[in-house]
Amino acid sequence: MEELWTGLESLFGVGLDARSLNPLQGGLRALLAYAFGLLLMRLSRNRSLAKHTGFDVVLAFVLGSVLSRGINGPSSISVAFAASAVLVGLHQLCARASSRSPRFERLIDGHSEVVVREGKVLEEALRRRLISYNDLCEALRLKQLKAPSQAEEARVERNGEISVIPKSRVVEVKVEDGVQTVRIEIV
């Protein structure tokens, strides 16, 4: 058993600094860190990949940084794994708290903001969110609307995307004299 452990230490370069690793040891550390990262994401129920709020993006950046230090940086891979597990655990703890407390959720994830209401652009809201009129129009075009006037509401969501509720359009069709008008609502 001692020989197996010694062999694994040598294979993964345990105790070596990044400059002393050979390509095989660096590659195996990367493979191990990747597998460990996937395991952590599965344990976190993919929340950090599903929502993409600032709260989740920060975890992804920091987790990547911590794991990379275990692959080719000054940290040992076991320290990097322990730090990564603590980060994901803290993320889960905050996610659970925010799912139970609207006040904590708003603190962690922020809030959405209306930027178009009843076809009118709310300029002050655009300024607060640092969105130009052209950026807004682009987002509306991506939702098949030609202009803000065609939107009942557009809002910047917590993840930074712009969601749009188009105005419903009503077309009246006269069938023939003496018959009621047919109204068709196009959504």
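Residues numbered from 1 in each chain as written. Predicted model: local features only at pLDDT ≥ 70, side-chain atom pairs only at ≥ 80, totals over all residues. Heavy atoms only, no water.

**Q** How would you summarise the packing of helix α2 (residues 23–43) against helix α4 (residues 54–72) if you had to cite specific residues and measurements?
**A** A pair of packed helices is characterised by two quantities: the angle between their axes and the separation of those axes. For the pair α2 and α4, interaxial distance at closest approach is 9 Å and the crossing angle is 150°. Taken together, the axes of α2 and α4 lie roughly antiparallel to each other. Between α2 and α4 the crossing geometry is right-handed. Taking contact as the criterion, the partners of Gly26, Arg29, Ala30, Ala33, Phe36, Gly37, Leu40 and Met41 in α2 are, on α4, Leu59, Leu63, Leu67, Gly70 and Ile71. Looking at the contact of α2 with α4, its residues break down into nine nonpolar, three polar and one charged. (Axes fitted to C-alpha atoms, helices over the stretch in contact; angles between N-to-C directions. Helix = DSSP H or I, 4+ residues; strand = E, 2+ residues; numbered from the N terminus. Parallel < 35°, antiparallel > 145°, perpendicular 65-115°, else oblique. Left-handed = near helix turned anticlockwise from the far one by under 90°. Contact = heavy atoms within 4.5 Å. Nonpolar A, V, L, I, M, F, W, Y, C, P; charged D, E, K, R; others polar.)

**Q** Describe unusual backbone geometry, and please don't skip the residues or the numbers.
**A** Its identity is not glycine, yet Leu130 carries a phi of approximately 55°, on the positive side. Phi angles above zero are rare outside glycine, and Gln144 is one such case at about 65°. With respect to the element layout, Gln144 can be found in the loop between α8 (133–142) and β3 (151–156). Residue Gln144 is classed as exposed on the basis of its relative accessible area of 67%. (Buried < 20%, exposed > 50% of the residue type's maximum accessible area, 1.4 Å probe, protein only.)

**Q** Residues and numbers for the pairing of β3, please.
**A** Relative to β3, strand β1 (residues 113–117) is paired through four bridges, and the arrangement is antiparallel. If you follow Arg117 over to β3, its bridge partner there is Glu153. Bridge count between β3 and strand β4 (residues 162–166): five bridges; the pairing is antiparallel. By the bridge assignment for β4, Ala154 is matched with Val164. In sequence, β3 turns back onto β4 through a hairpin of five residues, with Gly160 there showing a positive phi of about 95°. (Pairing = 2+ DSSP bridges.)

**Q** Go over helix α5 (residues 77–100) with me, naming the residues and quoting the values.
**A** Relative to the 34 Å expected for 24 residues at 1.5 Å per residue, α5 spans 35 Å between its end C-alpha atoms, a close match to the ideal helical length. Buried within α5 we find Ile77, Ala80, Phe81, Ser84, Val88, His91, Gln92, Cys94, Ala95 and Ser98. (Expected span 1.5 Å × (residues − 1).)

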